[in-house]
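# Remarks on the overall topology
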Amino acid sequence: MTLSSKAAELLRLHTDPELLVVVNVWDVITATVVADQGSKALATASHSIAASLGYADGENIPRDEMIAAVGRIAGAVGIPVSADLEAGYGDAGETVRRAIGVGVVGANLEDQMRPLATAAGEVSAAVKAGEAEGVPFVLNARTDAFLKGADRDPKDVLADAIERGRAFLDAGASCVFVPGRLDEATVTALVEGIGERRVSVINVPGSLSQARLQELGVARVSYGPWIQRATLTYLADLTTDILGGANLPEGVRPLN
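Residues numbered from 1 in each chain as written. Predicted model: local features only at pLDDT ≥ 70, side-chain atom pairs only at ≥ 80, totals over all residues. Heavy atoms only, no water.

Attention shifts here to the overall build of the protein chain. When helices and strands are counted, the protein chain shows 10 helices and 9 strands. For the protein chain, the spread of C-alpha atoms along the three principal axes comes to 60 × 40 × 35 Å. Taking all 256 residues of the protein chain together, the buried fraction comes to 50%. The contacts of the protein chain with a sequence gap of at least 6 include a subset with a gap of at least 24, amounting to 68%. Carbon and sulfur atoms form 52% of the exposed surface of the protein chain, whose accessible area is close to 11700 Å². A gap of 3 Å separates the mean positions of the 22 positive and 33 negative side-chain charges of the protein chain. (Helix = DSSP H or I, 4+ residues; strand = E, 2+ residues; numbered from the N terminus. Buried < 20%, exposed > 50% of the residue type's maximum accessible area, 1.4 Å probe, protein only. Contact = heavy atoms within 4.5 Å. Areas by Shrake-Rupley, 256 points an atom, 1.4 Å probe, with all protein chains shown as cover. Lys, Arg positive; Asp, Glu negative; His and termini not counted. Charge placed at Lys NZ, Arg CZ, Asp CG, Glu CD.)

Spelled out as structure tokens, the structure:
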């Protein structure tokens, strides 16, 4: 598939009535294992990539290292890859251009609750970068309204998320990512306010089921750093067992 056809397929997966489920990966081996299980697309997790390379989350990893990491992932699989590019590393347009150059056809871009005009401008710059490269780049524009709104009136937080989501769509985003542990009423309101098959959410322990999210009109569900956390939890427990004298469990497969 060409980059343009991968981007077109990624967009189709977002607008299809079936919920797009993306299991987040952080290196080539996790990407190939996840892809081989029948995934239709992949998404990277910036937190997980940074952690695997010894950096704290929050754009502490140099942009060059992040682009190299997502490029290795995109080059290892044949399905569309969307990269978590945090807030764009100071220049969303250039960061997206470089991501396209290594085979990425979509991205998450955080607003970090910056002034709306500034955040929407970054979304527009990212989309235009894709257009300049001849790729219909699939931007999943993220608003941190809920992540940063714990001390605010929930109604105001919801209104902010909807306002920002609409502005990001107007600026060219394909979808709006609203992370947080959201209840059914909130997800319903987001879909009604932003648009059916235009809202992307994260699954965390206690989140709504995939089936219910699909019924509510959500476009995409991802898992962020929780896939790495689950993997590391298993590693920690396995290590404890081995140090305590246990053998490897039956059923371990040579996936690497």
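For the rest of this paragraph, the subject is the environment of I49. Checked against the element boundaries, I49 lands in helix α3 (residues 46-52). For the pair I49 and I61, spaced 12 residues apart in sequence, the C-alpha separation works out to 8.8 Å.

Another point: the side chain of T32. Structurally, the position occupied by T32 is in helix α2 (residues 28-36). Within polar-contact distance, the side chain of T32 engages the backbone oxygen of I29 at 3.1 Å. Not counting residues up to four positions away in its chain, the partners in contact with T32 are A76 and V77. (Polar contact = N/O pair within 3.5 Å; in protein donor to acceptor, adjacent residues only side chain to side chain.)

What follows covers the pattern of salt bridges. Taken as a whole and judged by the stated rule, the model has 11 salt bridges. For the salt bridge of D111 with R164, the shortest nitrogen-to-oxygen distance reads 2.9 Å. Taken together, the positions of D111 in the loop between β5 (106-110) and α6 (116-132) and R164 in helix α7 (residues 154-170) put the pair 53 residues apart, joining distant regions of the chain. Looking at D111, the relative accessible area reads 1%, which means it is buried. For R152, the salt bridge goes to D160, with nearest N and O atoms at 2.9 Å. Several salt bridges share partner residues, and in doing so they unite E9, R12 and D16 into one network. (Salt bridge = Lys/Arg side-chain N within 4 Å of Asp/Glu carboxyl O.)

As a further point, take the packing of α2 against helix α4 (residues 63-76). Two quantities define a packed helix pair, namely the angle between the helix axes and the distance between the axes. Where α2 contacts α4, the two axes come as close as 9 Å, and the packing angle between them is 35°. Taken as a pair, α2 and α4 cross one another with a handedness that is right-handed. Two secondary-structure elements touch here, α2 through V28, A31 and T32 and α4 through R72, I73 and A76. Of the residues that constitute the contact of α2 with α4, the class distribution is 4 nonpolar, 1 polar and 1 charged. (Axes fitted to C-alpha atoms, helices over the stretch in contact; angles between N-to-C directions. Left-handed = near helix turned anticlockwise from the far one by under 90°. Nonpolar A, V, L, I, M, F, W, Y, C, P; charged D, E, K, R; others polar.)

What follows deals with the pairing of strand β6 (residues 138-142). Along β6, 5 of the 5 residues are buried, which leaves the element largely enclosed by surrounding structure. Residues V138, N140 and R142 line one face of β6 and the alternating positions L139 and A141 line the opposite face, and both faces are buried. Looking at chain direction, β5 and β6 are connected through 5 bridges and run parallel. By the bridge assignment for β6, L109 is matched with A141. Sheet topology places β6 next to strand β7 (residues 175-177); 3 bridges connect them, and they run parallel. Looking at the pairing, N140 lines up with C175 of β7. Read as a crossover between parallel neighbours, the route from β6 over α7 to β7 is right-handed. (Pairing = 2+ DSSP bridges. Right-handed = clockwise from strand over helix to strand, strands pointing away.)

Let us now look at the packing of aromatic side chains. Under the definition given, this model contains 0 aromatic pairs. The aromatic ring of W226 is capped on one face by R229, whose charged end is 4.7 Å from the ring centroid. (Phe/Tyr/Trp six-rings, centres within 6.5 Å; stacked < 30°, edge-to-face > 60°. Lys NZ or Arg CZ within 6 Å of the ring centre and 35° of its normal.)

This paragraph deals with helix α5 (residues 92-101). Taken together, the buried positions of α5 are A92, G93, T95, V96, A99 and I100. Down the axis of α5, the buried side of the element spans an arc of 165°, and every buried residue falls inside it. Summarising the contacts, the buried residues of α5 are in contact with α1 (3-15), α4, β5 and α6. With its phi angle positive at about 105°, G103 sits one or two positions after the end of α5. (Arc of directions from axis to C-beta.)

Moving on to the sheet that holds β6. As summarised here, the arrangement of the 9 strands in space is β1-β9-β8-β7-β6-β5-β4-β3-β2, forming an open sheet in which the pairing is parallel. Of all the strands in the sheet, the pair left with one neighbour each is β1 (20-21) and β2 (24-25). Running at roughly 50° to β6, α1 makes contact with β1, β4 (81-84), β5, β6, β7 and β9 (220-222) of the sheet. Against the sheet, α4 contacts β2, β3 (42-44) and β4, and its axis sits at roughly 160° relative to β4.

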